[in-house]
Amino acid sequence: MPEGHVIHKLARELTDKFGGKQVRVSSPQGRFADATAILDGTVLEDADAVGKHLFINFEARQCVWIHLGLIGKFRFKPLSQIENYDTLRLLIADSKIGAELRGPQWCRLITPEEKLAVIAKSGPDPLRDDADPERAWKKVHNAKRTIAQLLMDQGVFAGVGNIYRAEVLFRHGVDPKLPANKLSREVFDSIWADLAALMRADVLTGQIDTVDPEHSPEEQHRDPRVDEHGGEVYVYRRAGQECLVCGEPIQLELFAGRNLYWCPKCQPQASGGEPRAKHGGAWHNCAPKA
DNA sequence: TTATGATGGAAAA
DNA sequence: TTTCCCTCATAAA
């Protein structure tokens, strides 16, 4: 379940549990065995994240670069509960706890210089204090592609994935298909600030929760599938269901190869080119449901 | 038992 | 733009 918040949470947990310690490192599946032979028994210094890239830094300038992709998982378990070794790409362990990596898009041993090159290629990450949103604004302001496409571009908004894209466009009443160069500076700024705030909260929980309390449905009307993506959302995977704000059915379309969800009434065509109307702190464009 | 889909991205076409 | 990769819970048969 990997958008940026999950990767940053993993980096913190790896640092907390193993930082500064000598660890056992293995690749029971064998596909990363060349690297784990080098790393086994060495000190794991710390871990950090940029966008969806996870870096685990070992002594002697050894860095493991992990990208979970769509289906990769990295979990902590008591050593005694670890099984299914045939798909276990990487296991980092002390005497009690194991961190197990399965199905990553990639997992490579790189040098600190190669790590810097990955970071340089990445766009600013709303989760990082050193992020420079101006870099993202310049790309947005000059792009002919839609804002929905730019939000998924890791060279523009690092760490944002399909859920945050759908949710932040909804929260700001922006038409997903608005050409990015038509997005106003004001709306860009509020989107960036909102991403930074939402993602920071979500790093702590590991879930994506985007629904403000005033729109949260009663317990008995909650979508039972929220556990699948962990958290309560306005539009993601809610195609055909009523918009939590206006009641209109949420739309779904395969757009540039990914599922795009939006509310046609809260995010009307061409919306986002003008600063949103500020009525009493509300961010949406739409009249509340009767 | 087999098929499907998913929070992603690179490579091929 | 399509194909492919890697995993696994869930759905369909």
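In this text the structure is predicted, and so the values were computed from the model without any measurement.

**Considerations on the pairing of strand β4 (residues 53-58)**
- Most of β4 is tucked away: six of the six residues are buried.
- Side chains H53, F55 and N57 project from β4 onto one buried face, and the interleaved L54, I56 and F58 project onto a second face that is buried too.
- Bridge analysis of strand β3 (residues 43-50) against β4 gives six bridges, and the strand direction is antiparallel. Within β4, the residue paired with D48 across the bridge is F55.
- Where β3 folds back onto β4 in an antiparallel hairpin, the turn is made up of two residues, including G51, whose phi is positive at roughly 60°.
- Bridge count for β4 against strand β5 (residues 62-67) is six bridges, and the pairing is antiparallel. Bridge pairing links N57 to C63 in β5.
- The antiparallel pairing of β4 with β5 creates a hairpin that spans three residues between the two strands, and A60 there sits at a positive phi of about 60°.

**Topic: the sheet that holds strand β6 (residues 73-78)**
- Taken in spatial order, the four strands line up as β2-β7-β8-β6 in an open sheet, and their pairing is antiparallel. Pairing within the sheet leaves two strands with one partner each, and these edge strands are β2 (24-26) and β6. The mean inter-strand angle of the sheet, taken between neighbouring strand axes irrespective of direction, is 15°.
- Docked against the sheet, helix α1 (residues 4-18) engages β6, β7 (88-93) and β8 (97-102), running at close to 30° with respect to β6.

**Description of the pattern of salt bridges**
- Taken as a whole and assessed by the stated rule, the structure comprises 16 salt bridges.
- R24 is the salt-bridge partner of D40, the closest N and O atoms lying 2.9 Å from each other. In this pair, D40 sits in the loop between α2 (33-39) and β3 while R24 sits in strand β2, placing the two residues 16 residues apart along the sequence.
- Judged by its relative accessible area of 29%, D40 is partly exposed.
- Between E253 and K177 there is a salt bridge, with its nearest N and O atoms 2.8 Å apart. In this pair, E253 sits in strand β10 (residues 251-255) while K177 sits in the loop between α6 (162-171) and α7 (185-205), placing the two residues 76 residues apart along the sequence.

The rules we used
Within each chain, residue numbers correspond to sequence positions counted from 1 in written order. By the order in which they are written, chains take letters starting at A while ligands take numbers starting at 1. For a predicted model such as this one, the threshold for reporting local features is a pLDDT of at least 70, and the threshold for listing and counting side-chain atom pairs is 80 or more; totals across whole chains, interfaces and linings nevertheless cover every residue. In computing side-chain values, all of the structure's heavy atoms are included and hydrogens and water are not. Remark: exposure states derive from per-residue accessible area (1.4 Å probe, protein chains only) relative to the maximum for the residue type, with buried under 20%, exposed over 50%, and partly exposed in between. A run of H or I in DSSP counts as a helix once it spans at least four residues, and a run of E counts as a strand once it spans at least two, with each numbered from the N terminus. For two strands to be treated as a pair, DSSP must find no fewer than two bridges joining them. Between N-to-C directions, angles cover 0 to 180 degrees, with each direction set by a line fitted to C-alpha atoms, over the stretch in contact for helices. Contact between two residues is taken to exist if any of their heavy atoms lie within 4.5 Å; hydrogens are not considered. Salt bridge, as used here, is a side-chain nitrogen of Lys or Arg placed within 4 Å of a carboxyl oxygen of Asp or Glu.

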